[in-house]
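Listed below are the residues making up each chain.
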Amino acid sequence: MSQAVWTAVANQNTPHELVTALTTALARDWQDGQDRFLDRPRARLDGIAPLVDAGWTVGPVRRGVLRVTAPDGQAGADIDVVHPLAEAAITLWAGPEGWGTRAEITFSDQSPTHLIAATATAFTDPAPVPRWRSALDPRLIRHATLTSVEPPKKPTPTPRDIRPRIASRPARPVGSVPRWSTTTPSAPLPARPAARR
């Protein structure tokens, strides 16, 4: 077994939308029969271009790390600009610091730039995402705008919806189908016996 060319590691707090952005881009490369997922990376800053394009702030280099921060300060990217083969060359993060609150996806130095960019793009998506209030850490609730969502009502079935249900019912044997007649009985019906007291 050969050693990994690159790694991407998501922690336990990383929401599925961010992981899906990475894995979708990776699956597309695989499906197309291309080896783009093995491409040598371009400059590290190219991977976080979607963040800069979205108006995130590029800060000064501190202790060998360049930090790019979202306008609200609740998400960012840390880029190691000193170590050439860093295991954590780029870390995309969101949420307040802490084990239970901060989501992180860390890319090693040889990670393909387009996969980092696909993941970074998901960080800038303003579309609302579904969350269970009870599953959110209280420190995250303060930073979120929560809107209750009503579950969709079941639509009224149409005849097309009902037809497959009727067709799937077992057929009754011919002898058991109730019959009726238009003839009148020739003899009067017997009288009912009187009730006993």
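You'll find the structure just up there.
Every value quoted in this text rests on a predicted model; they were computed, and no experiment measured them.

Undergrad: What am I meant to see in helix α4 (residues 113-123) here?
TA: Note that an α-helix has 3.6 residues per turn; residues three or four places apart therefore point the same way. Among the 11 residues that make up α4, eight are buried, leaving the element largely enclosed by the rest of the structure. Among all positions in α4, only T113, H114, L115, I116, A117, T119, A120 and F123 are buried. Its buried side turned inward, α4 meets α1 (16-31), α2 (44-47), α3 (49-53), β5 (90-94) and β6 (103-107).

Undergrad: Can you help me understand the packing of aromatic side chains in this one?
TA: The geometry of an aromatic ring pair is captured by two quantities: the separation of the ring centres and the angle between the planes. Taken as a whole, this structure holds zero aromatic pairs when the rule is applied. Its guanidinium or amino end placed over the ring of W93, R102 lies 3.9 Å from that ring's centre, counting from NZ or CZ.

Undergrad: For this particular structure, what's the right way to read the pattern of salt bridges?
TA: Oppositely charged side chains are able to pair whenever their charged atoms sit close together. Under the definition given, this model contains two salt bridges. For E17, the salt bridge identified is with R131, shortest N-O distance 2.8 Å. With E17 in helix α1 and R131 in the loop between α4 and α5 (138-141), this residue pair connects regions lying 114 residues apart in the sequence. On the basis of relative accessibility, which here comes to 38%, the residue R131 falls in the partly exposed class. Among the ionic pairs, R67 bridges to D78, the shortest N-O distance being 2.6 Å. Residue R67 is found in strand β3 (residues 65-69), and its partner D78 is found in strand β4 (residues 75-80); the two are separated by 11 residues along the sequence. For D78, a relative accessible area of 17% gives the class buried.

Undergrad: Help me out: how do you make sense of the pairing of β6 in this one?
TA: Regular strands place their side chains on alternate faces of the sheet. Of all five residues in β6, four are buried, a share of seventy percent or more. As judged from the three bridges shared by strand β1 (residues 8-10) and β6, these two strands associate in the antiparallel manner. Residue pairing in the sheet places A8 in a bridge with F107 of β6. Inspection of the sheet shows β5 paired to β6 by five bridges, in the antiparallel sense. Residue L92 lies in a different strand from β6, and its bridge partner there is I105.

Undergrad: Help me understand the pairing of β5 in this model?
TA: Here β5 lies mainly inside the structure; four of its five residues are buried. Bridge count for β4 against β5 is five bridges, and the pairing is antiparallel. Bridge pairing in β5 places I79 opposite I90.

Undergrad: Would you mind showing me how to read the nonpolar core here?
TA: One broad rule of soluble globular proteins: the nonpolar side chains tend to lie buried together. Ranked by size, the top nonpolar core spans 22 residues in total, and within it I48, L51, W56, V68, A77, I79 and L92 carry the most contacts. Per element, the largest residue contribution to this core is four residues, and it comes from α4. In this structure, V68 is in contact with I48, L51, W56, T57, V58, A75, G76, A77 and I79, ignoring residues within four places of it in sequence.

Undergrad: Quick question: what am I supposed to make of the layout of surface pockets here?
TA: The gaps left among the atoms become clear once a water-sized probe is rolled over them. Size it by volume and the largest pocket reaches roughly 1,700 Å³. Forming the walls of the largest pocket are 38 residues, and the residues nearest its centre are P15, V129, R131, L136 and A144. Broken down by secondary-structure element, the contributors of at least two residues to the lining of the largest pocket are α1 and α4. Each residue belonging to the lining of the largest pocket can be placed in one class, and the counts come to 22 nonpolar, 10 polar and six charged. What lines the second largest pocket is simply Q3, A4, V5, W6, T7, L85, A86, E87, S108, D109 and Q110. Each residue belonging to the lining of the second largest pocket can be placed in one class, and the counts come to five nonpolar, four polar and two charged.

Basis of the calculations
Residues numbered from 1 in each chain as written. Predicted model: local features only at pLDDT ≥ 70, side-chain atom pairs only at ≥ 80, totals over all residues. Heavy atoms only, no water. Buried < 20%, exposed > 50% of the residue type's maximum accessible area, 1.4 Å probe, protein only. Helix = DSSP H or I, 4+ residues; strand = E, 2+ residues; numbered from the N terminus. Contact = heavy atoms within 4.5 Å. Phe/Tyr/Trp six-rings, centres within 6.5 Å; stacked < 30°, edge-to-face > 60°. Lys NZ or Arg CZ within 6 Å of the ring centre and 35° of its normal. Salt bridge = Lys/Arg side-chain N within 4 Å of Asp/Glu carboxyl O. Pairing = 2+ DSSP bridges. Core = buried A, V, L, I, M, F, W, Y, C linked by side-chain atoms within 4.5 Å. 1 Å grid on protein atoms, 1.4 Å probe; cavity = no way out; pocket = protein on both sides within 12 Å on 5 of 7 lines; lining within 4 Å. Points joined across faces, edges and corners; volume = space filled by probe spheres on them. Nonpolar A, V, L, I, M, F, W, Y, C, P; charged D, E, K, R; others polar.

Everything listed here is a matter of coordinates, which is why it stays silent on function.
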